Amino acid sequence: MPLSPKIKEYGFIFIIPSLIIILALFIDAATSPYWLRFDPTYAYLLNGLNLLKGLPPVDVFHPGTPLQMLCAAVYWILNISQPLPKIVENVLTAPEFYLHAVHAVLLTALFASSALVSGYLYHKTRDKIAAL
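A brief report on the enclosed structure follows. Worth saying up front: this structure is predicted, and the values here are computed from it rather than measured.

Rules and cut-offs
Within each chain, residue numbers correspond to sequence positions counted from 1 in written order. Owing to the predicted nature of the model, reporting of local features is limited to residues with pLDDT of at least 70; listing and counting of side-chain atom pairs is limited to 80 or more, with chain, interface and lining totals taken over all residues. Excluded from the side-chain calculation are hydrogens and water; included are all heavy atoms of the structure. Secondary structure follows DSSP: runs of H or I at least 4 residues long count as helices, runs of E at least 2 residues long count as strands, and numbering of each begins at the N terminus. Under the convention used throughout, the expected extent of a helix is 1.5 Å for every residue step, that is, one less than its residue count. To sort residues, take the accessible area from a 1.4 Å probe on protein chains only and compare it with the maximum for the residue type: under 20% means buried, over 50% means exposed, and anything in between is partly exposed. Here, the arc refers to the directions that run from the helix axis to the C-beta atoms. Distance thresholds for patches are 9 Å for like charges and 5 Å for nonpolar side chains (Val, Leu, Ile, Met, Phe, Trp, Tyr), applied to residues having over 30% relative accessible area and no salt bridge. Computed with the Shrake-Rupley method and a 1.4 Å probe, the accessible areas treat only the protein chains shown as cover for residues. Basic side-chain nitrogens of Lys or Arg form a salt bridge, by our definition, when they fall within 4 Å of a carboxyl oxygen of Asp or Glu. We call two residues in contact whenever any of their non-hydrogen atoms come within 4.5 Å of each other. Think of a 1 Å grid over just the protein atoms. A cavity is a set of points where a 1.4 Å probe fits yet cannot get out, a pocket is an open set with protein on both sides within 12 Å along at least five of seven lines, and lining residues have an atom within 4 Å of a point. Grid points are joined across faces, edges and corners, and a volume is the space filled by probe spheres set on the points. When residues are grouped by polarity, Ala, Val, Leu, Ile, Met, Phe, Trp, Tyr, Cys and Pro land in nonpolar, Asp, Glu, Lys and Arg in charged, and all others, Gly among them, in polar.

Residues spaced three or four apart along an α-helix face the same direction, because each turn holds 3.6 residues. Here helix H2 (residues 15-30) is 16 residues long and its end C-alpha atoms lie 23 Å apart, about the 22 Å a rise of 1.5 Å per residue gives. Looking only at H2, the buried set comprises Pro-17, Ile-21 and Asp-28. Seen end-on, H2 carries its buried residues on one side only, within an arc spanning 35 degrees. Facing away from the buried side of H2 by over 90 degrees, the exposed positions are Leu-23, Phe-26, Ile-27 and Ala-30.

Here is the structure:
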């Protein structure tokens, strides 16, 4: 089945976002679990739970509340039919799973935003180098 002309014309915009995603996944696989990293990942995990429970976050450092809100949304979506105490239990018993889920959502947003901006730039300028 032949590719549509639009895919042929705009397909190159996925090159750089795809490379970034592949590199991010390699780096993630090469590093230790989140609980061993020098990163406040678990603070975001717990503050996301606080927001889900209607409590204010304990730490509000960069990137702070927007990331914690994303964490809370991911926890809720992955446990949409569960009551709040069960969601908290699920997150606390499998924190690495939920952190990887948040990471996947962030990578998806990065991929989509990069491709959309690149496509928009190419549409307006017809300059492939600038779009990349």
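This part covers a nonpolar patch on the surface. Residues Ile-15, Ile-16, Leu-19, Ile-20, Leu-110 and Leu-132 make up a contiguous nonpolar surface patch of roughly 470 Å² in combined accessible area. No other element matches the 4 residues that H2 contributes to the nonpolar patch. On the secondary structure map, Leu-132 appears in the segment after helix H7 (128-131). Of the residues examined, Leu-132 reaches a relative accessible area of 45% and is grouped as partly exposed.

With respect to the helices, strands and loops of the structure, Asn-79 is situated in the loop between helix H4 (65-78) and helix H5 (84-93). By relative accessible area, Asn-79 is classed as buried at 6%. When residues no more than four places from it in sequence are discounted, the contact partners of Asn-79 are Ile-87, Asn-90 and Tyr-98.

Of the volumes computed, that of the largest pocket is approximately 230 Å³. Lining the largest pocket, in full, are Tyr-34, Arg-37, Asp-39, Thr-41, Tyr-44, Leu-67, Cys-71, Leu-99, Val-102, His-103 and Leu-106. Of all elements in the fold, only helix H3 (41-52), H4 and helix H6 (95-125) reach the threshold of two or more residues within the lining of the largest pocket. A total of 4 residues in the lining of the largest pocket trace back to one element, the largest contributor, which is H6. Classifying every residue of the lining of the largest pocket gives 7 nonpolar, 2 polar and 2 charged.

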